[in-house]
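# Residue-level structural notes
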Amino acid sequence: MRLSAMGDVAMTVPVLRAFVKQYPTVKLTVISRPFFKPFFDGIPNLEFFAFDEKERHKGFPGLVRLYKDVKKLKIDAFADLHNVLRSKIVSLLFALSGKKRATVDKGREGKKELTREENKIFKQLPTMFERHVKVFEELGFPLDLSKPTFPEKAVLSSDVLDIIGNENQKLIGIAPFAQYDSKVYPLDLMKEVITKLAENSSYKILLFGGGKKEIEILDSLSEPFENVINMAGKIKFQQELQLISNLDVMLSMDSGNAHIAAMLGVKVITLWGATHPHAGFLPFNQSLENALTSDRNQYPKLPTSVYGNKVVEGYEDAMRTILPQQVVDKVVEQLS
């Protein structure tokens, strides 16, 4: 399996957890970037193979090398959960050597119908999890995702506890950013949400993000409050995963953080701008009621995009139709 963006990788984890539980004698090898290895730590019968895109596995000759490297592991079948050029090439090489293979159907036609401006077909499409299950079904491994298992909450290291403290407070994670602006809740409204939640001293609010600009914004959001802490840039990625596993709730955009929290069994509240859960990216095992979407009566062309990368004129303020009080009420409801 070859995967790219953080959310894409995180979405495979619950499916692979179900697989190893339901087929304990089958060994899985996940091929992905070294950065994503911590996602798969502790999953039995699963080996992680680091894909070296910069050197050993670069370009077409590198993909042939990748195929040969993986072939040595005595692979019987190849599941392509990404369906991009690189994964297709490796998958084809396995097929040519007589191995079974199956590729995820990303449902591009249905997504086009959902996001087009004219003659929009507004309906729920299969989730990415259902699409992944189909791949394994094709290879002869039907899966049941109805009784998911999640890892235990991680034991937090002293480094992390030094930053967040050890008081007995409810831990609320907030990840206010996303890859595209059309998926980001307006900053002034997010400020209102944080201000209202911070009034309750039994809550500790932890802010997540990355990159210089995001860290500066998160610092400005956390500064006025004792019980709001910016975690960005302070801990390693693995520690961040451990911390997220301890959250009582995560508030996130339609972004990788939502899928990371969900794969760890945390309740997730998502905010949706240009995109919509109908495209199949609602985080794993989460209720549609916890996905707060922009008002389609006011903005009938929504969703305008599957990934949020398309800008539609006049739709810049669509997320303002999600009121801060609505968000606060939803977080409080999940904590009670």
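These lines cover the structure that appears in this document, whether it is placed above or below. (Residues numbered from 1 in each chain as written. Predicted model: local features only at pLDDT ≥ 70, side-chain atom pairs only at ≥ 80, totals over all residues. Heavy atoms only, no water.)

## Quick word on the nonpolar core
Our working rule: For our purposes a nonpolar core is just a set of buried Ala, Val, Leu, Ile, Met, Phe, Trp, Tyr and Cys residues, chained together by side-chain atoms within 4.5 Å. Each residue gets one of three labels from its accessible area relative to the maximum for its type: buried under 20%, exposed over 50%, partly exposed in between, using a 1.4 Å probe on protein chains only. Helix and strand assignments come from DSSP, with helices taken as H or I runs of at least 4 residues and strands as E runs of at least 2, each series counted from the N terminus.
Within the largest apolar cluster, 63 residues are counted, with the highest numbers of intra-cluster contacts made by Phe39, Phe40, Ile164, Leu206, Phe208 and Leu243. It is helix H1 (residues 6–22) that contributes the most residues to this core, nine residues altogether. Formed by 32 residues, the second largest nonpolar core is a distinct cluster that contains Tyr203, Leu251, Ile269 and Leu292.

## Thoughts on helix H3 (residues 59–71)
To keep it simple, the criterion reads: An expected span of 1.5 Å times one less than the residue number is assigned to each helix. Here, the arc refers to the directions that run from the helix axis to the C-beta atoms. The contact definition used throughout considers only heavy atoms, calling two residues in contact when any of these lie within 4.5 Å.
Spanning 13 residues, H3 covers 18 Å between terminal C-alpha atoms, matching the ideal 18 Å at 1.5 Å per step. Along H3, the residues that are buried comprise Gly62, Leu63, Leu66, Tyr67, Asp69 and Val70. Down the axis of H3, the smallest arc covering the buried residues is 165 degrees, so these residues share one side. Those residues of H3 that are exposed and aimed more than 90 degrees away from the buried face are Phe60, Pro61 and Lys68. Its buried side turned inward, H3 meets strand E1 (28–32), strand E2 (46–50) and helix H4 (85–96).

## Concerning the packing of H1 against helix H6 (residues 128–138)
Stated precisely, the cut-off is as follows: Between N-to-C directions, angles cover 0 to 180 degrees, with each direction set by a line fitted to C-alpha atoms, over the stretch in contact for helices. Any angle from 65 to 115 degrees is called roughly perpendicular, while one under 35 is roughly parallel, one over 145 is roughly antiparallel, and all others are oblique. Left-handed describes a crossing whose near helix is turned anticlockwise from the far helix through less than a right angle; right-handed describes the clockwise counterpart. Each residue gets one label: Ala, Val, Leu, Ile, Met, Phe, Trp, Tyr, Cys and Pro are nonpolar, Asp, Glu, Lys and Arg are charged, and the others, such as Gly, are polar.
Taken N-terminus to C-terminus, the directions of H1 and H6 make an angle of 45 degrees; their axes are 9 Å apart at the nearest point. If you check the angle between H1 and H6, you find them oblique. In this structure, the crossing between H1 and H6 has a hand that is right-handed. Across the interface between the two elements, Met11, Thr12, Pro14, Val15, Leu16 and Phe19 from H1 touch Met128, Phe129, His132, Val133 and Phe136 from H6. When grouped by side-chain class, the residues that make up the contact of H1 with H6 number nine nonpolar, two polar and no charged.

## Re the packing of aromatic side chains
Condition: Each aromatic pair joins two rings of Phe, Tyr and Trp (for Trp, the six-membered one) with centres within 6.5 Å, and gets the label stacked for planes under 30 degrees apart, edge-to-face for over 60, and tilted for any other angle. For a ring to carry a charge above it, either NZ of a lysine or CZ of an arginine must fall within 6 Å of the ring centroid while also lying within 35 degrees of the normal to the ring plane.
Scanning the model with the defined rule gives 16 aromatic pairs in all. Measuring from ring centre to ring centre gives 5.1 Å for Phe19 and Phe136, while their planes differ by 50 degrees; the resulting arrangement is tilted. One end of the pair, Phe19, is in helix H1; the other, Phe136, is in helix H6, and 117 residues separate them in sequence. Note on accessibility: Phe19 and Phe136 belong to one class, buried. Here the aromatic cluster, defined as three or more aromatic residues joined through ring pairs, consists of Phe35, Phe36, Phe39, Phe40, Phe48 and Phe237. The ring of Phe122 has Arg296 sitting right over it, with the charged end atom 3.7 Å from the ring centre.

## A look at the layout of surface pockets
Threshold: Both cavities and pockets are sets of points on a 1 Å grid over the protein atoms alone; in a cavity a 1.4 Å probe fits but cannot get out, in a pocket the set is open with protein on both sides within 12 Å along at least five of seven lines, and lining residues sit with an atom within 4 Å of a point. Grid points are joined across faces, edges and corners, and a volume is the space filled by probe spheres set on the points.
Each pocket or cavity is described by its volume, and for the largest pocket that value is around 860 Å³. In terms of lining residues, the largest pocket is bounded by 34 residues, among which Ala5, Met6, Gly7, Gln179 and Gly256 are the most central. Looking at the lining of the largest pocket, the elements with two or more residues in it are H1, H6, helix H10 (237–245) and helix H11 (256–263). Roughly 490 Å³ of internal volume is contained in the second largest pocket. Surrounding the second largest pocket, 25 residues form its lining, Asp181, Ser182, Val184, Tyr185 and Glu316 being those nearest its centre. By residue number, the principal contributor to the lining of the second largest pocket is helix H9 (residues 212–222), which donates three residues.

## Points about the environment of Gln326
Inclusion rule: Definition of a polar contact: a pair of N or O atoms within 3.5 Å, with one able to donate and the other able to accept a hydrogen when the atoms are protein atoms, and with sequence-neighbouring residues admitted only if both atoms are side-chain atoms.
As for its position among the elements, Gln326 is in helix H12 (residues 324–335). Distance from Gln326 to Glu316, taken between C-alpha atoms, is 20 Å for residues 10 residues apart in sequence. Excluding residues within four positions of it along the chain, Gln326 makes contact with Leu292 and Thr321. From its side chain, Gln326 meets the backbone nitrogen of Leu323 in a polar contact 2.8 Å long.

## Observations regarding the pairing of strand E9 (residues 268–272)
This is how it is decided: Between any two strands, pairing holds if DSSP finds at least two bridges. Handedness is read with the strands pointing away from the viewer; a crossover is right-handed when the path from the first strand over the helix to the second is clockwise.
Judged by how many residues are buried, E9 sits mostly within the fold: five of five residues are covered. The alternating pattern of E9 places Val268, Thr270 and Trp272 on one face and Ile269 and Leu271 on the opposite face, and all of these are buried. As defined by bridge partners, strand E8 (residues 249–253) adjoins E9 across four bridges and the pair is classed as parallel. By the bridge assignment for E9, Met250 is matched with Val268. A crossover connection joins E8 to the parallel E9 through H11; in handedness this β-α-β unit is right-handed.

Distances and angles like these do not, on their own, reveal function.
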